Amino acid sequence: MAPAAGEALKHFVFVVPEGATAEEDKNAATAEEQVAPVRSQSSEEKAAGSWEAAREKQSSSQGRRCLQGLDREGPVSSPGAHQSGEDTVPSPPRHVRLSSCRWIVPARGEVELKVHFSSTVLGQFEQTLRFEILGTKRLYQLPCRGTCLYPTISQDPRLVFPHRRKSKADDDIVFKQYVTETGVFHFGPLLCGKSRDWYKALDCPSNCETLTILNVTPLEVEAHFSFERDLKADTFLVEPPSMRLKPNEKQKLSIWAYPTSAGLVEDKLVCRIKENPEPVVFPLCCQGVKVELRVSPKHVHFNRLLLHREDSKTLVLRNSTLLPVAWRLRGLENLGEDFSVSQREGIVGPRTEFDVHLYFKPTKALNIEKKIRLEVSDAENILGIVQAENIRISAEGYDVAPVIDIPKGAGGTVDFGVLKVLDDAKQVLTLRNKGKYEIAYSFQLKAAGTTIPDLASHFTIQPQKGLLAASGRPVQVQVFFHPKTEVNIEDKPILHYQVMEPSICGGGETVAVIPVRVSAKAVFSKYSIHPASLINFGAMVKGSRKTCTFMLENKGSLDFKFLIYRADQDASRLQEKSGCQMKSAHSGKSENLHQRTSSAKKSKRSLQKVASPSMQARVTLGMFTVYPGFGSIPPGGQQMITVDCSAGSLGTCEEHLRIDISDRDPQDNPLGIPYTLLAESCLPAFVVDDIESIFEEHRICSNVNLCQTPQTMRGKGVYVRDENKFIFTDVRVGHRATARFKIHNVNKVPCNVVLSIKPIAGEFHSPISDIFKVDPVRMCVPSCSHAFATVTFTPQMMQSYQCTFEASLDVLARSDWSPSKRGAQFPCPGTCCRPSRSLLCLSCSPAAIKAQSLTFRVSGDGTLPRVTVLRPVLHSKRGNPLLVFKKLLLGDSQKLPLVLHNGGTLPVQLTIDLLDEAGVFFLKARPTTQCVYQAGGVKEDSPAGERKPHTALLVLLRGELAEFDVLFKPTLAQRVEGRIHLSVVNNPYEETDIQLVGEGYEDDFTLDNIHGLVADSEEEENAEGNLEEDVIEAAARVNHIPFGDCHIGKPYSVTFTITNRSRTEAMRFEWLADTPFHFSPKVGHLHAGCAKAITVTLKSDVAVTFKMHPVKCKVARITFPLPPEQIKDWDDCLRTIKWVDTTMRGPGATWPVKKKVIETDPEPAHTVLEESSREVELCLSAVVDYAELKLDTDTIQCKETLPFQTRTFP
């Protein structure tokens, strides 16, 4: 082996491996003695290189084998062996270099080589060792790499310090953070003044920080920590002072900072590592802070303050340190309840200010001079109170004492009483000051609780403002009331007495407002008229009389006079009177108080002298007479005014009058209060030909062919216009039907009508007085209103009844017609008649009126409710409906339908009773049928609980169906019969019995699930109507399959089931059937408790009819020679498919062609038991033929039908 060209074995050498042999130790010792002079050179590496080169040269020249040298374990001193203390390390063991670099590797053996690396400088070194096998000239390379370094720890701030920041401004407060820009760890501001032992005992987190020390080298690190300046640990502490770290191990280092004086303290944490001449340094600092708080001002002076006023002063607390400062105010309780502060204690942040507000609100007169104390401590109250400041407080509270005297008025109210508009009154108020200082006063008028917008126009105050000296002479103030319009003030605080402090705010400030209640009233004459402006007598019969009244009431506080006259009388004088009042009111606004008062009085006297309309005790206007025509009404009084109306000529009469009331508001109808009287004279009449109005509650048809009454209109009747006849529809015999006819009075006066029922002339009938009745026989119909005449129809028998209804005007009932007037002639005015209606009116005489009337014919038929049984369609010989059930195995059940139909015109209330002594028949309504009730126990799954009088009760409307399922479930092997009794309420003739026949049996071989291709209903419909008793018995026993109508040449299949109900014995069956019926399977076995599906197929090529065609099945009990579980089920439908060889072969084929063969499985061996054979019969019905069409009707002719109506043919 040799190194690469130009390389020297400087850092990587081969040494003698451990465990060498004794001979190798001797050779190695000899080799070491030979190289000893070389090792004494100045450099160990140089000596080792020369020695290695000599050994390599010697071994190559001699060409002999060389064994590995022995390892001498004696220590060799390192170059730094004479260093001091911490830097001195023990010498590593001495490795003996190999004397020869040639080896002989035995066959299938190995040779161990040991490479040693060493260096005196830091760095990473690489060396390539090359090997060659003798005789092959093939070169093998071994790259070697080694690193030389000192043990050290991580200096990355992101790993060492838990909190970091990039930079720090001059005014930033940094707390326990490492500043990357400066490379210094800042503890931040810390409280100074206590010993470090006290801090450490409390374990204050603000003074401590934990660093992470990580060994980032693969060497073990022994580190010692100390501070560069604080050698005595006066400010900074570290724990632990030293630590030993394995490769990549990290440990926690805690450092404390306890400044003893204010100011910035800087130092460095020095970490000395064993075998590393370069220490690791971490700069750090902390800021010592002493608590201090400045307060201003130290003298708080409140100005002179009125009671219940509030003033505030502000104390400014300024913290110029870098730590928060806690503060507390002491001695506030000595100031009293009139003082308060916004906050008694708190904390002021570093380099901030805090405002404390001190409030003074005196509740009594006082003058105070006291002090409070401000105590300052650190935020955590570690040092206690470190500063105390005294603050001086000065304040004075005083009150004002104004007095106002009101000479009149109860309860301190200025009462002016009740005045007329434009009068005046005066009241005097006395003001005094009993306070300590001079005050000012002022009066203001405010509309408090009133709707008067301008009080200054009605009140005057002299003087309105001034000064009141302390304990000086009283001042009198006059208040004048001079209303211009109506004023009503009742004990309202409209006068405000304002007390002002002239020394406040330069011009003074209002310190108190004393409301003075004032009562004053000025009114016009108040009245009310009821009815307000109109009396309408309405329509009156000509010649009749009627009296109405209206009430005139004085609602004011003064007397007034009234006068009633025609509207067009003395209108010019009233205009002159009104103008005079308006002129006096206008002139009063431009004069002073006394001039306005005298002007108002003169105006009133001038109004009294103005001539008024002529006074009349009774005022007549057309058909009206009004009295009294004038008078006087005291306050709160009333006057009844009577108006008489006498209806004269036909038509409307309207009159207008005026009512004049003295001393009222000039704006209120200056020409007089208008009033209207209205009446109309007319004659009575009522409608006779408005068919839609008279028969509005009934249906109207043009002719009898269209009067198909819907179900919703049943019982209300129909009017036929062409025949002028009203028909009662669907009325039950013995029941009463009613019909109302409208008698409409479209005129403006009431009319008296006579009503009657009359028999039809020329027809002989039984008396109709008991059949048709009218109520009432007389009626008075109010004006523009209506009434109803009620006709009742009560048929006694099922037949038709008819009568005539007549309504006529009762002329003789008029009270204003005397016997002398009945023959008089009255001209018809023609105004009461209307073109759209024909009215009965008094045209000429009572005889002419009586001839006109409302007449029409009334008819009706008596009927009874009935019900029809649609299913079953079969009937017994006696004509009763018949339900025949099949012969059923015990435990099986069968349902047959029961369908009832209401074919009449009346609703039917039907009761159903199921009479069954054996308890094998059940009745259940289908979901489409709603019963009033259905008794418990009539259903198969319902318990027998509450007992009902009938099995079921239901109501059927016209045309409705009721569907039930009748269930037969035999419990005994015998023939049973039952009965369903149907009874129609209110029809004693409608009683129906439905006969129920069924039979139960027990058998080991049964035919089940027998269904035909057609429904049973179709089969029943094709059956005959009546059955003999023996036929009934046979029908109950037969197993029948109806195929129905079938096409020629087309197959029809029906599947049913045969069942062996024996638990121990097997059976053999065989169907004995001929064409066109085919059974599949025809022969087979039935094991115990098994069932098998049988398919019967009908196909005929000729027309043929089968009716109850019997087909027999031969059944016998059999046994097998083997146990039944080893015998497979068998019938003639089972087949086996085989592929057999044939004699045919394909071209070039080796194997013969296979042929598919289907063979019927042979019948298993069995033995038929003696006397066990019997025959079971199955009946088949079918009609095989071609389709035919037969139509009896060639024309469809419907009756006349209204639009949007439906009619069914036929």
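Whatever comes next refers back to the structure up there.
As the structure is a prediction and not an experimental result, all values here were calculated from the model.

Give me the overall build of the chain: which residues, what numbers.
Of regular secondary structure, the chain possesses ten helices and 77 strands. Here the chain holds 1210 residues, and 40% of them are scored as buried. Long-range pairs, those at least 24 residues apart, make up 71% of the contacts in the chain with a sequence separation of at least 6. Approximately 67100 Å² of the chain is accessible, and the part contributed by carbon and sulfur atoms is 50%.

A description of the pattern of salt bridges should follow, citing residues and the corresponding values.
All chains considered together, the criterion is met by 40 salt bridges. A salt bridge links Arg 244 to Glu 222; the nearest nitrogen and oxygen atoms lie 3.1 Å apart. In this pair, Arg 244 sits in strand E12 (residues 242–245) while Glu 222 sits in strand E10 (residues 221–227), placing the two residues 22 residues apart along the sequence. Between Arg 664 and Asp 660 there is a salt bridge, and its shortest N-O distance comes to 2.5 Å. Both residues of the pair, Arg 664 and Asp 660, belong to the buried class.

Describe a nonpolar patch on the surface, listing the residues and the values that go with them.
Judged by side-chain polarity, Leu 122, Leu 149, Tyr 150 and Leu 219 come together as a nonpolar surface patch covering roughly 330 Å² of accessible area. Tracing the sequence through the fold places Leu 219 in the loop between strand E9 (208–214) and E10. Exposure remark for Leu 219: the relative accessible area of 33% places this residue in the partly exposed category.

Which residues make up the packing of aromatic side chains, and what are the values?
Evaluation of the coordinates by the stated rule reveals 43 aromatic pairs. Relative to Phe 185, the ring of Phe 161 lies with its centre 5.3 Å away and its plane at 15 degrees, an arrangement referred to as stacked. Of this pair, Phe 161 sits in the loop between helix H3 (157–160) and strand E6 (164–165) while Phe 185 sits in strand E8 (residues 184–191), and the two are 24 residues apart along the sequence. Using a relative accessible area of 1% as the deciding quantity, one classes Phe 185 as buried. Plain terms: the ring middles of Phe 161 and Phe 282 are 5.8 Å apart, the flat faces sit at 85 degrees to each other, and that makes the pair edge-to-face. With Phe 161 in the loop between H3 and E6 and Phe 282 in strand E15 (residues 280–289), the pair connects residues that are 121 residues apart, well separated along the chain.

Provide a residue-level description of the environment of Gly 631, including the pertinent values.
Assignment of secondary structure puts Gly 631 in strand E40 (residues 630–633). Note on Gly 631: relative accessible area 24%, which makes it partly exposed. Measuring from C-alpha to C-alpha, the distance between Gly 631 and Phe 562 comes to 5.6 Å, with 69 residues separating the pair along the chain. With near-sequence residues (within four places) excluded, Gly 631 lies in contact with Lys 561 and Phe 562.

How would you explain the pairing of strand E52 (residues 800–809) if you had to name every residue and give the values?
Most of E52 sits inside the fold, with eight of its ten residues counted as buried. The pairing of strand E48 (residues 751–758) with E52 spans six bridges and is classified as antiparallel. Within E52, the position partnered with Lys 758 by the bridge is Thr 804. Relative to strand E53 (residues 853–863), E52 runs antiparallel, the two being bridged by nine bridges.

Go over the sheet that holds strand E31 (residues 475–481) with me, naming the residues and quoting the values.
Taken together, the four strands give an open sheet; going across it, the order is E25-E27-E31-E29, and neighbouring strands pair in antiparallel fashion. Two strands close off the open sheet at either side, each with one partner strand: strand E25 (402–405) and strand E29 (459–462). Taken pair by pair, the neighbouring strands of this sheet meet at an average axis angle of 20 degrees, ignoring direction. Note that strand E27 (residues 425–433) and E31 share seven bridges and pair antiparallel. In the sheet register, Leu 429 faces E31, and the bridge partner there is Val 477.

How would you explain the nonpolar core if you had to name every residue and give the values?
Considering soluble globular proteins, one finds that nonpolar side chains tend to be buried as a cluster. Judged by nonpolar contacts, the single largest core of 35 residues is most densely connected at Phe 726, Phe 728, Phe 741, Val 753, Phe 772, Phe 805 and Phe 856. Among the elements that make up this core, the one with the highest residue count is E52 (five residues). In this structure Phe 728 touches Ala 737, Thr 738, Ala 739, Phe 772, Val 791, Phe 793, Val 858, Ser 859, Gly 860 and Asp 861, once residues within four positions along its chain are discounted. Counting 33 residues, the second largest nonpolar core, distinct from the first, contains Tyr 398, Tyr 441, Leu 455 and Ile 489.

Kindly report on the sheet that holds E8, identifying the contributing residues and their values.
In spatial order, the strands read E6-E7-E8-E15-E14-E10-E12; together these seven strands make up an open sheet with mixed pairing. Every interior strand has two partners, whereas the edge strands, E6 and E12, have only one. Across four bridges, E10 lies against E12 in antiparallel orientation. When the bridges of E12 are listed, Ala 223 appears paired with Met 243.

Just give me the short version of the side chain of Lys 742, but keep the residues and values in it.
With respect to the element layout, Lys 742 can be found in strand E47 (residues 737–745). A distance of 3.4 Å separates the side chain of Lys 742 from the side chain of Glu 696, its partner in a polar contact. Discounting residues that sit within four places of it in the chain, Lys 742 has contacts with Ser 693, Ile 694, Glu 696, His 786, Ala 787 and Phe 788.

So what's going on with unusual backbone geometry? Which residues, and what values?
Of note, the amide linkage connecting His 530 to Pro 531 takes the cis form, showing an omega dihedral of -5 degrees. By secondary structure assignment, the location of Pro 531 is in the loop between strand E34 (527–530) and strand E35 (534–541). With omega at 15 degrees, the peptide bond leading from Arg 871 into Pro 872 counts as cis. Mapped onto the elements of the fold, Pro 872 is located in the loop between strand E54 (868–871) and strand E55 (875–876). Of note in this structure, Asn 248 is not a glycine but carries a positive phi near 60 degrees. Residue position: Asn 248 is located in the loop between E12 and strand E13 (250–257). Overall, Asn 248 belongs to the exposed group, its relative accessible area being 61%. We note that Asp 730 has phi near 55 degrees; this positive angle belongs to a residue other than glycine.

Report on the side chain of Asn 554, specifying residues and quantitative values.
Looking at where Asn 554 falls in the secondary structure, it is placed in strand E36 (residues 545–554). At 3.1 Å, the side chain of Asn 554 forms a polar contact with the backbone oxygen of Ile 633. Reaching out from Asn 554, the side chain makes a polar contact with the backbone oxygen of Pro 634 at a distance of 3.0 Å. Leaving out residues up to four positions away in the same chain, Asn 554 has contacts with Lys 526, Asp 559, Phe 560, Ile 633, Pro 634, Pro 635, Gly 636 and Gly 637.

Please set out the environment of Asp 1004 residue by residue, giving values where relevant.
By the element assignment, Asp 1004 lies in the loop between strand E64 (991–1001) and strand E65 (1005–1008). In sequence terms Asp 1004 and Arg 1063 are 59 residues apart; their C-alpha atoms lie 9.0 Å from each other. Apart from residues no more than four positions distant in its own chain, Asp 1004 is found in contact with Thr 1059, Asn 1060, Arg 1061, Ser 1062, Met 1067, Arg 1117 and Arg 1174. In this structure the side chain of Asp 1004 is engaged in a polar contact, spanning 2.9 Å, whose partner is the side chain of Arg 1117.

Calculation notes
Residues numbered from 1 in each chain as written. Predicted model: local features only at pLDDT ≥ 70, side-chain atom pairs only at ≥ 80, totals over all residues. Heavy atoms only, no water. Helix = DSSP H or I, 4+ residues; strand = E, 2+ residues; numbered from the N terminus. Buried < 20%, exposed > 50% of the residue type's maximum accessible area, 1.4 Å probe, protein only. Contact = heavy atoms within 4.5 Å. Areas by Shrake-Rupley, 256 points an atom, 1.4 Å probe, with all protein chains shown as cover. Salt bridge = Lys/Arg side-chain N within 4 Å of Asp/Glu carboxyl O. Patch = residues over 30% accessible without salt bridge, like charges linked within 9 Å, V, L, I, M, F, W, Y side chains within 5 Å. Phe/Tyr/Trp six-rings, centres within 6.5 Å; stacked < 30°, edge-to-face > 60°. Pairing = 2+ DSSP bridges. Axes fitted to C-alpha atoms, helices over the stretch in contact; angles between N-to-C directions. Core = buried A, V, L, I, M, F, W, Y, C linked by side-chain atoms within 4.5 Å. Polar contact = N/O pair within 3.5 Å; in protein donor to acceptor, adjacent residues only side chain to side chain.

So, to be careful, I would describe these as geometric facts and stop short of saying anything about function.
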